[in-house]
Amino acid sequence: ECVACDPGTFAASRGSEGCDPCRAGAFSTGAGSTRCLSCESGLYQDEEGQTGCLRCGGGNYTASPAWCQACPPGEYRRDNDTRFDECVQCPAGFFSPGGEEACEPCPAGQHSPAPGGVECLPCPEGQASKGASPFCSPCAVGTYSKTPGSSECEVCDFPHGTTLESGWFRSPSACVCDEGFFTDWEAMDQWRAAQAAGGCGAGEGLRDGLCEEVKVCWECPLQCNCTERNRTYPGQLAGFYLREQGLEWTTFECTSDACISSDDPTAARCGDNFADESLTCAECKTGFFLFKFSCAACKEPRAMPLMLGLTLMACAMCATYYCSNSPVTRDASSLMTTTVSFGLMLTAAQSLSIMATLNVEWPEPWKTIINAMALASFDIEGLQLACLTKPAPLRAYVVRVSVPMMALGGFAAMWAISQVICPVLRKEPWDKAKAANSSGQVWQALYISIALVALLPFQCYDHPSGDSSLRAFSHVVCGTDEHTVMFTFGVLFTLLYGVGFFSLCLMANWKAPELSAKYPVFVSYFRFLLFRFRVDRWYWGSVLMVRSFMIALVPILNPNSGNGQVVMLTAVVSTCLVLQCFVMPWKTTNLNKMDTLVLYMLVLLTGAAGVFTEQEEDTQGFLTFMILAFGVTSFILAAVLLGGITSSVKAALGMQSSSAKRTVEKNKEVAASFVVAMKQLSALNAEDVQRVFREFGGFDRRTVKKFLLLVDHELLQGMAQTKAQTTRLTVQKKTGLQGVMEALSKPYRTATGANTITAERVVVPEEDSCSCAGDDDVSPKAGDMADDQSTAPSEYSI
């Protein structure tokens, strides 16, 4: 009897003596199987005679139905994967030891750079990983890693600490100070020691075995070069001076180009031959002196420039004495014009020297031209004074401010010497009044520089550090003991020059009409105030001194604002220009033209200076000034217009305004004065008139011509038709105003060749005559005129 094969076996043919077991990888489920079935994909059977297949789980794969093999290291297979015949490589940043259903991520501080990682590698020094990363990241700027396998980089834990921008930072030595700071290397070493020893807190260093807070990074001052990291010192920019005070640096703005750019200000701060230790590079090294804003070597003999300067000063004083007191310069002569023109040019040079003290960046060549005018402000450094004695700001200031006193003492000494020597040489010694006049001439001509130098201790300008220095002596910090002493001298000399001398001149001008008539020597003492100006403008010397003082005051009032200085100087010079054009005070036409041209030039320069000033954020002050100036001008124009309208309305209504009444009264006074003057003039002879006209300038002669034209047209010719008898101006050989004008235009002709002005009676018909006497009956009658005249007419008598 045939028996059915058990499950897991089979008989492939009839007549089989026994059943065969299913091979590995196959199975049979029922009895009597004639064949075995192969395991499906994902199933396996590694034994014979089995009734079913086994499932190949996660971490394994089936290469054949007969076996299930574990995934090799670096690979994995999930249990639910549809692919059973292979494993998948672990991605970078993960690893698998083999036979795993999933890859494990690399722990923090390690990395797996390629797929199929069997194990993770530790991060090297200077890198770190937070885990599951194919690579380690270099430490970011400001951090470092000092041990392998770091999960994160350590921070440079002192304030403003960082690292360089490139490279792997493997130790605390990679930590440096950030931009805008420089390093205290002693504190840095203490901090690094603390990092190596451990146990100290953030920002602490190890000092004498104890943890203490240390300041590694120090803030760089303003206006310096700290744009790089890991700086030992702040870098010095050109035009600024860095001064070290302990571990703090302060920045001072230089007033010259001597301060150079330097990465190591401890090694070099100043240009060639300037002393690095001198604040703002204001002084030269030993053996050099400041000349034209550079240091020149001292020349032998060292006293020669000073002696030459004193000799030239003595010669200039002698020339001043004889020119300012010469009878020729009293008159409106070419010599007087030349002498005064020299003074105007000196005034222009002093005004330009003022512009060198403004907070303006002048371009070339104007910078060189303006700086060359420094000699006009008593800048005598070119005399090698620094070669004779050690430079000292206080001594330099006292020498500069004492130059006017030296001139005064020089005139006094030369006067005393002349009293001894001149009689021996049979020469006239110097006159005391003329020597005093010469001194006043020098002081007035140099008054801008005198006031400017006296005010130098008041002109402090600010530095980026918050300190301030004197503009003329930038190495003197305002508020220090040295500045206090200079300030005291400045107050004294300002009182002497600005108040004392000006008050003396003002009083002399005020009392000039009275004292000149009472004391003739008064004119000799104060001739410098009077002789340059027209007779009716005798007071203009005091006006010039006010103008000079106001110009010198501009750099003091607002030393830090170039725009403010430009506005103030423009206002002062423009006002002076308007006054000059209205008044025309100088005795000759050329002098008026020259002074007008000088003021016009200054207006142009100050206006152009605004282009070279720094833009200022706070413009409220300038806006207020513009509004006030516009408001005041508008108010004045409105007041004048309103007054004119009011007068016109009153005149139309038949009402007489107060101004019209005043005009009538003034006309009466002028008419009475005119009649009296005519009677007095009729008594003058030709010599008297010629002497007066010799002192007249072009403006005076034109004024007389206009007066004669007015008298001839309005008084004589206009009244001739109605007066019974009048007087008309005539000139021998030429009758009428033409002859008079020719006589006035040639005041220097000899008496014999001069025209002779006489008085001539002109009789008109009786019926055309009328009485022309005013209310006060001051008009002269024909008989009066006849009585006042001599029998024979004299020259230039009316």
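The preceding data block contains the structure.
Our subject in this report is the structure included herewith. (Residues numbered from 1 in each chain as written. Predicted model: local features only at pLDDT ≥ 70, side-chain atom pairs only at ≥ 80, totals over all residues. Heavy atoms only, no water.)

So, on to the pairing of strand β23 (residues 210–213). In terms of strand pairing, strand β22 (residues 204–207) meets β23 through four bridges, oriented antiparallel. Its bridge partner lying in β23, arginine 207 is registered against leucine 210. Hairpin connection of β22 to β23: two residues between the antiparallel strands, including aspartate 208 at a positive phi of 55°. (Pairing = 2+ DSSP bridges. Helix = DSSP H or I, 4+ residues; strand = E, 2+ residues; numbered from the N terminus.)

Let's shift gears to the pattern of salt bridges. The tally for this structure, following the rule as stated, stands at 13 salt bridges. Taking the shortest distance from any N to any O, the salt bridge between lysine 518 and glutamate 514 comes out at 3.8 Å. In this pair, lysine 518 and glutamate 514 are both assigned in helix α11 (residues 481–518), four residues apart and thus about one turn of the helix distant. By relative accessible area, lysine 518 is classed as partly exposed at 48%. With a closest N to O distance of 3.1 Å, aspartate 536 and arginine 537 form a salt bridge. (Salt bridge = Lys/Arg side-chain N within 4 Å of Asp/Glu carboxyl O. Buried < 20%, exposed > 50% of the residue type's maximum accessible area, 1.4 Å probe, protein only.)

Another point: the packing of helix α10 (residues 447–454) against helix α14 (residues 540–557). Packed helices, taken two at a time, are described by their axes: the angle between them and the distance between them. Two elements in contact, α10 and α14, have axes whose closest approach is 8 Å; the angle formed by their N-to-C orientations is 40°. One finds that α10 runs oblique with respect to α14. When the axes of α10 and α14 are compared, the crossing they make is right-handed. Residues Tyr447, Ile448, Ala451 and Leu452 of α10 pack against Met545, Ser548, Phe549, Ile551 and Ala552 of α14. Residue classes in the contact of α10 with α14 are distributed as eight nonpolar, one polar and no charged. (Axes fitted to C-alpha atoms, helices over the stretch in contact; angles between N-to-C directions. Parallel < 35°, antiparallel > 145°, perpendicular 65-115°, else oblique. Left-handed = near helix turned anticlockwise from the far one by under 90°. Contact = heavy atoms within 4.5 Å. Nonpolar A, V, L, I, M, F, W, Y, C, P; charged D, E, K, R; others polar.)

According to the stated counting rule, one finds 18 disulfides in the structure shown. Two residues, cysteine 56 and cysteine 68, share a disulfide whose sulfurs are 1.8 Å apart. Residues cysteine 56 and cysteine 68 are joined through a disulfide that is right-handed, its torsion about the S-S bond being 70°. Taken together, the residues span a long stretch of sequence, with cysteine 56 in the loop between β6 (54–55) and β7 (60–64) and cysteine 68 in strand β8 (residues 67–70) at a distance of 12 residues. Cysteine 56 gets classed as buried once you look at its relative accessible area, which sits at 0%. On the basis of relative accessibility, which here comes to 24%, the residue cysteine 68 falls in the partly exposed class. One disulfide bridge connects cysteine 200 with cysteine 211, the sulfur atoms lying 1.8 Å from each other. Of note, the bridge from cysteine 200 to cysteine 211 carries an S-S torsion of about -70° and is left-handed in sense. Taken together, the positions of cysteine 200 in the loop between α1 (185–197) and β22 and cysteine 211 in strand β23 put the pair 11 residues apart, joining distant regions of the chain. Overall, the relative accessible area of 17% leaves cysteine 200 in the buried class. For cysteine 211, a relative accessible area of 34% gives the class partly exposed. (Disulfide = S-S within 2.5 Å.)

No statement about biological role is implied by the geometric values presented.
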